[in-house]
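Spelled out from the first residue to the last, the chains are:
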Amino acid sequence: MPEARAERAERAEGPSNVWLRPRRAARGEPPVTLERIVDVAVTILDAGGLETLTMRRVAEQLGVVAPSLYWHVKTKDDIIDLAVDHVFADAKTPTGQEQGGWRECIENIALAWRATLVAHPWVAPVAASRPSFGPSYLDQLELVMSTLNGAGLDGPALSSAMWTLHNLIFGSASTEATLSISDHDREAGQLFLQQHSDRYPTLAGRRYLDDDDWLGDFTRGLAYFLDGLELRIDERPTTTT
């Protein structure tokens, strides 16, 4: 594919992430704005996922030719990275002034991130494959890390807390967005568990396959995690002068 070859050649020159490269100096008036490119890309990604996004399709939706996009971006990955930051900019996260206590701040960000990932299921696979350096995402990540650090976590404890929280949020949202089971398969699967209840007594008795309270399960799991984190913070040794 010519487009794929062109993108591979572009990646070989300088940083691969659009946020790490200096913006090129534009000459003349671009035929389309970067904001419109990103808006259209998000619409395409929301409707069909990562595999449906191409430079040609974005250009067609904008009513321009594909080379017009190169005023602003080098590759399709550039558009995806810009789109990721765009959706995180819309996440209903607290600002530094309204965050409250450390636990309330983390809860609010976790719920906002999860809602964003469920609404835009293509974001989680991108985040799992490469880091984001967009300002909206980094601002929120800085708030999380500084909040946990201010609560008393540092070094490996801070790193572990950050990654556990990240995996809890992204894992929950990804599973909800991608897990698909029909009512027929749900009933057939539950019947199978009941027929083998001697081997799977808890799964059968608790009707494992009927559990689809995604947000409730996440909220409770987040509370368990924060309970443990709070205990660790409260039990940390205090320094005396």
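All figures in this text were calculated on a predicted structure; none of them were measured in a lab.

1. What about helix α7 (residues 135–151)?
Then, in step 1: With 17 residues, α7 should cover 24 Å at 1.5 Å per step; its first-to-last C-alpha distance of 24 Å lies within 8% of that length.
Then, in step 2: Looking at the packing, one finds that the buried side of α7 touches α4 (76–89), α5 (102–119), α8 (155–178) and α11 (214–235).

2. Considering the packing of aromatic side chains
Aromatic rings in a pair are described by how distant their centres are and how their planes are angled relative to each other.
Then, in step 1: Evaluated as defined, the whole model comprises 4 aromatic pairs.
Then, in step 2: Ring plane angle 80° and centroid distance 6.5 Å describe the contact between tryptophan 113 and phenylalanine 170, whose orientation is recorded as edge-to-face. Here phenylalanine 170 lies in helix α8 and tryptophan 113 lies in helix α5, a separation of 57 residues in the sequence. Comparing tryptophan 113 with phenylalanine 170, the two get one shared label, buried.
Then, in step 3: In this structure an aromatic cluster arises from ring pairing among Phe88, Trp113, Tyr137 and Phe170.

3. Description of empty space enclosed by the protein
Then, in step 1: Using the criterion set out here, one finds 1 cavity of 30 Å³ or more in the structure.
Then, in step 2: Approximately 40 Å³ is the volume found for the largest cavity.
Then, in step 3: Lining of the largest cavity is provided by Trp113, Leu141, Val144, Met162, Leu165, His166 and Ile169.
Then, in step 4: Listed by contribution, the elements that provide at least two residues to the lining of the largest cavity are α7 and α8.
Then, in step 5: Here the lining of the largest cavity is composed, by residue class, of 6 nonpolar, 1 polar and no charged.

4. Things to note about the confidence of the model for the protein chain
Then, in step 1: In the predicted model, the protein chain carries a mean pLDDT of 87, and 85% of its residues have values of at least 70.
Then, in step 2: The spread of mean pLDDT over the elements of the protein chain runs between helix α1 (residues 2–11), the lowest at 50, and helix α2 (residues 34–48), the highest at 96.

5. A look at the UniProt feature "DNA-binding region" (unreviewed entry) in the protein chain
Then, in step 1: Mapped onto the present numbering, the UniProt feature "DNA-binding region" (unreviewed entry) falls at residues 54–73.
Then, in step 2: Annotated as 40% helix and 0% strand, the span residues 54–73 places its first and last C-alpha atoms 13 Å apart.

6. Focus on helix α3 (residues 55–62)
Then, in step 1: By the burial criterion, the buried members of α3 are Met55, Val58, Ala59 and Leu62. For α3, the buried positions fall inside an angular range of 100° around the axis, keeping them on one side. Residues of α3 that are exposed and point over 90 degrees away from its buried face: Arg56, Glu60 and Gln61.
Then, in step 2: One or two steps after α3, the chain reaches glycine 63, where phi turns positive at roughly 75°.

7. Remarks on the nonpolar core
Then, in step 1: Ranked by size, the top nonpolar core spans 55 residues in total, and within it Leu69, Phe88, Leu148 and Leu229 carry the most contacts.
Then, in step 2: Elements supplying a minimum of two residues to this core: α2, α3, α4, α5, α6 (123–129), α7, α8 and α11.
Then, in step 3: Looking at this core element by element, the count peaks at 8 residues for α2.
Then, in step 4: In this view, leucine 148 contacts Trp102, Ile106, Leu153, Leu158, Ala161, Met162 and Leu229; residues no more than four positions away in its chain are not counted.

8. Considering the pattern of salt bridges
Then, in step 1: Evaluation of the coordinates by the stated rule reveals 10 salt bridges.
Then, in step 2: Note that aspartate 210 and arginine 207 form a salt bridge whose closest N and O atoms lie 2.3 Å from each other.
Then, in step 3: Residue classification places aspartate 210 among the partly exposed positions, given a relative accessible area of 28%.
Then, in step 4: On the accessibility criterion, arginine 207 (30% relative accessible area) is partly exposed.
Then, in step 5: Across the pair arginine 220 and aspartate 213 runs a salt bridge, and its minimum N-O distance is 3.2 Å.
Then, in step 6: Aspartate 213 gets classed as partly exposed once you look at its relative accessible area, which sits at 36%.
Then, in step 7: The network of salt bridges with shared partners includes Arg103, Glu107, Asp227 and Glu230.

Thresholds applied
- Residues numbered from 1 in each chain as written.
- Predicted model: local features only at pLDDT ≥ 70, side-chain atom pairs only at ≥ 80, totals over all residues.
- Heavy atoms only, no water.
- Helix = DSSP H or I, 4+ residues; strand = E, 2+ residues; numbered from the N terminus.
- Expected span 1.5 Å × (residues − 1).
- Contact = heavy atoms within 4.5 Å.
- Phe/Tyr/Trp six-rings, centres within 6.5 Å; stacked < 30°, edge-to-face > 60°.
- Buried < 20%, exposed > 50% of the residue type's maximum accessible area, 1.4 Å probe, protein only.
- 1 Å grid on protein atoms, 1.4 Å probe; cavity = no way out; pocket = protein on both sides within 12 Å on 5 of 7 lines; lining within 4 Å.
- Points joined across faces, edges and corners; volume = space filled by probe spheres on them.
- Nonpolar A, V, L, I, M, F, W, Y, C, P; charged D, E, K, R; others polar.
- pLDDT = per-residue confidence, 0-100.
- UniProt positions renumbered as here; feature names shortened; annotations may be inferred.
- Arc of directions from axis to C-beta.
- Core = buried A, V, L, I, M, F, W, Y, C linked by side-chain atoms within 4.5 Å.
- Salt bridge = Lys/Arg side-chain N within 4 Å of Asp/Glu carboxyl O.

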